[in-house]
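# A look at the structure
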Amino acid sequence: MKLRARLALTLGLATISLLVLLGWAQSRWHSRLRVDALAEAAVHRMDSGGRERCEADPERWPGPQGDRGAARHPGPSRHRFPRHRVFAYDAGFQSRNPDNPTFPPELAQQLAAGQDVASHRSPDERRTQVAVRMPWDQGPCTVLLLRAKGPPPWFSGAVLMPAFLVALAVILVALFSAGPIVRRVRQLTESVQKLGSNSEEPIRVEGNDEIAELGTAFEQSRQTIHAQLASLREREAALRNYIANTSHDVMLPLSVLQGHLVALQQRIEAGETLDAQAVVPSIEESQYLGSLLHNLNAAARLEAREGLAHRDPIDLNRLVDRVVDRHRPIAKRKRIALEVAVPEHTIEFPGDLTLLEQALGNIVQNAVRYNRAEGHVAVILDGVEDAWVLRVVDDGPGIAESDRDRVVEHSFRGTEARTRHPHGMGLGLHIASDVAQRHGLRLALSDTEGGGLTVELRFAKRDT
Amino acid sequence: MSNRILLVEDDLALGQQVVDTLSQAGFDPHWVQDGDAARGLEPDDYRVIVLDLMLPGTYGMDLLKRYRVKSEVPVLILSARDDTADKIRALKLGADDYVTKPFFPEELLARIQACLRRPNLVGTERIVVGTIQVDLKRREVITTEGALSLTPVEFEILALLARRKGSAVARDALVDAALDPSHDASRRTLDVHMSRLRSKLGSDAAQLETVWGIGYRLSEGS
């Protein structure tokens, strides 16, 4: 059922119920008034000579009578007694007048219980009987029975018809006045329905009532949902981008690796005797693949948040050892001397273990990967916990001074780094630079004495 | 002590490769492929435990906890997940080290050997490096040519190198440890002391290696 009809019907029913209740109460009240008036009429009649006439001729009193009510109410009131008929009885509720009705037993019971006035309404509530005990208790006119019509019962048309008319009026007024409310609710409904169609349109809020509050609540929910959707879309796009970039970046070294392996197979098929060095490029490429995946993971983590997700105390001596051990096999195959020195005491530093290891790994990997055969790479950790320096020194080709700032720039954009440095070159150093910055470390590139590159990660407590 | 190494790894290809690598390196690998089988083993029966974290039937971290309650045997974690929280948790639970997949067989061996070296030389009074014996308490050095007469600086240099035998020691670390900062504590001065030390070591001087970019190392020799 529509709101407007429901509202009108509810108001109509409420009005009818209220009016019927009022009708019933009014009817009860009128009924009581009528009993009082009839009792008063009985006393009045007997006081004004009725007793004498009745006792003089009880067999015929009061004589032929219609409904009487002409007698005026004594005193200043202009009220008339209700029209009624009257019958006289003795103290035993017997009448001398044979035309009189039998005294109603229910009234006799009430008077016998000690009441001076007893009343009773007929079951159809259309007639009232009142019995009044006179102040004397001897004679044939000791008790008077009065009968009168009305008042109308509460369920009569006289009561119900105005109630229905008023209710009808209320329903009409409700239908008319609910119009603006219904219109606003419809507007709100339309606005909310548009949310499903992904509309950017805000929910319009008019007025300052409950409907406006509902609209405001919907608008706030819309904004929250909108923000969450935007965040989800962003994450989805980042994920898609990550998968696409990862696939692209992995395909390249994978193709190179396949090329190396095919070339090896062709050389073997051609009867060529291969030495161990022949497989080094393939091994190097496979190691690069693993490292690339770690870097892409690190890049995704760096892009996903500011700062660091973890800060645990890290044993830098062991971290350096681990990174060097990781690159020693490839260095050995490339006949590059990879050496490491850590201090006797342990240097602990709070940071993200995976990211720091990846950063140092990238620096060492670059030093090994781009070095020549018989080259050197040295990794040195020195200092104390409050001030330490980690150097990766190589005698490889180095990086031109003009390119160094770009390589270690702080802002990290994985995609940009990839496109600018084909085959992953530079991505590793970008990650290292970003990780260093997040850890409050200074990353510096310089020339190695005699040629090559020195990458330095430096920490000083007073700097942070 | 035996050379038994427990390998808990569910991947057949990787597990076989590791077993081959360990065998070739002179270890006696015992390979179990699932957590349930590994749970019943006695950790003290092995010198090192190599434990994969992702195992069918159990999580490697639970095994690690179980082993750590019973034993101090070095545990090396094999981790495929590049997850800092996992590594840190494993280290906090008592793992000695971890190796992230993919890895070269040599890398795994190096980490295992690092685990085995861990009971270090702290508290040792006499260190033997090849043919060179360094008595830290008596401050004496004996080589194939007999007892050497070293200056305090030369002894400090050799003692530090002996304590870190096989490992390169940075020039700056040697300068800090052996030279008097109120005098000429520089790399150049260090090189002069090293030159003198080499000549005093005579035929054993080959054990004192110069390490490019770093400094020096005292090795066991050939």
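Everything discussed here concerns the structure shown above.
Presented here is a report on the structure given in the accompanying data block. (Residues numbered from 1 in each chain as written. Chains lettered and ligands numbered in written order. Predicted model: local features only at pLDDT ≥ 70, side-chain atom pairs only at ≥ 80, totals over all residues. Heavy atoms only, no water.)

### Thoughts on the interface of chain A and chain B
Facing the 37 residues of chain A at the interface are 35 residues of chain B. For the pair chain A and chain B, the two sides together bury roughly 2900 Å², of which 53% comes from carbon and sulfur. For chain A, the biggest contributors to the area lost against chain B are A:Arg318, A:Arg326 and A:Glu344; these three give 20% of the whole. The tally of links from chain A across to chain B stands at seven salt bridges. The partner of B:Arg217 in a salt bridge is A:Glu339, with the nearest N and O atoms 2.7 Å apart. The interface formed by chain A and chain B holds 17 residue pairs in polar contact (both at pLDDT 80 or more) in total. (Contact = heavy atoms within 4.5 Å. Buried area = accessible area lost by both parts, 1.4 Å probe. Salt bridge = Lys/Arg side-chain N within 4 Å of Asp/Glu carboxyl O. Polar contact = N/O pair within 3.5 Å; in protein donor to acceptor, adjacent residues only side chain to side chain.)

### Regarding helix 10 (residues 427-438) of chain A
All names here are of chain A. An ideal rise of 1.5 Å per residue puts 16 Å on twelve residues; helix 10 measures up with 17 Å between its terminal C-alpha atoms. By the criterion of burial, helix 10 is predominantly enclosed, with eleven of the twelve residues buried. What helix 10 keeps buried is the set Leu427, Gly428, Leu429, His430, Ile431, Ala432, Ser433, Asp434, Val435, Ala436 and Arg438. Trailing helix 10 by a residue or two, Gly440 shows a phi angle of about 75°, which is positive. (Helix = DSSP H or I, 4+ residues; strand = E, 2+ residues; numbered from the N terminus. Expected span 1.5 Å × (residues − 1). Buried < 20%, exposed > 50% of the residue type's maximum accessible area, 1.4 Å probe, protein only.)

### Description of unusual backbone geometry
A:Trp61 connects to A:Pro62 through a cis peptide bond whose omega is 10°. Within the secondary structure, A:Pro62 is located in the loop between helix 1 (3-56) and strand 1 (84-89). Residue B:Pro102 is reached from B:Lys101 by a cis peptide bond, and omega for that bond is -5°. Within the chain, A:Glu374 stands out as a residue other than glycine whose phi angle is a positive 70°. Considering the arrangement of structural elements, one finds A:Glu374 in the loop between helix 7 (353-369) and strand 8 (376-384). Of the residues examined, A:Glu374 reaches a relative accessible area of 48% and is grouped as partly exposed. In this structure, B:Arg139 takes a positive phi of about 55° despite not being glycine. As for its placement among the helices and strands, B:Arg139 is situated in the loop between strand 9 (132-135) and strand 10 (140-143).

### Examining the sheet that holds strand 10 of chain B
Residues and elements named next belong to chain B. With antiparallel pairing, the four strands of this open sheet are ordered in space as 8-9-10-11. Single-partner strands in this sheet number two, and they are strand 8 (126-129) and strand 11 (146-147). One ladder, built from three bridges, connects strand 9 with strand 10; its direction is antiparallel. Looking across to strand 10, one finds that Val134 is bridged to Val141. (Pairing = 2+ DSSP bridges.)

### With respect to the pattern of salt bridges
Residue and element names in this part refer to chain B. According to the stated counting rule, one finds 35 salt bridges over all chains in the structure shown. A salt bridge links Asp96 to Arg68; its shortest N-O distance comes to 2.9 Å. With Asp96 in the loop between helix 4 (84-92) and strand 7 (97-100) and Arg68 in helix 3 (residues 60-70), this residue pair connects regions lying 28 residues apart in the sequence. Of the two residues examined, Asp96 and Arg68, each falls in the buried class.

### Brief notes about the pairing of strand 3 (residues 127-133) of chain A
Residue and element names in this part refer to chain A. For strand 3, the buried fraction is high: five of the seven residues fall into the buried class. Turn length for the strand 2 (residues 117-121)-strand 3 hairpin, with the two strands adjacent in sequence and antiparallel, is five residues, and the turn residue Glu125 shows positive phi of about 60°. Both strand 3 and strand 4 (residues 143-149) contribute to a ladder of seven bridges, which runs antiparallel. Residue Gln129 lies in a different strand from strand 4, and its bridge partner there is Arg147.

### A short note on empty space enclosed by the protein
All names here are of chain A. Using the criterion set out here, one finds six cavities of 30 Å³ or more in the structure. Looking at the largest cavity, its volume works out to about 100 Å³. Taken together, Arg184, Gln187, Leu188, Ser191, Arg204, Val205, Glu206, Ile211, Ala212 and Gly215 form the lining of the largest cavity. It is helix 3 (residues 157-196) that provides the largest number of residues to the lining of the largest cavity, a total of four residues. (1 Å grid on protein atoms, 1.4 Å probe; cavity = no way out; pocket = protein on both sides within 12 Å on 5 of 7 lines; lining within 4 Å. Points joined across faces, edges and corners; volume = space filled by probe spheres on them.)

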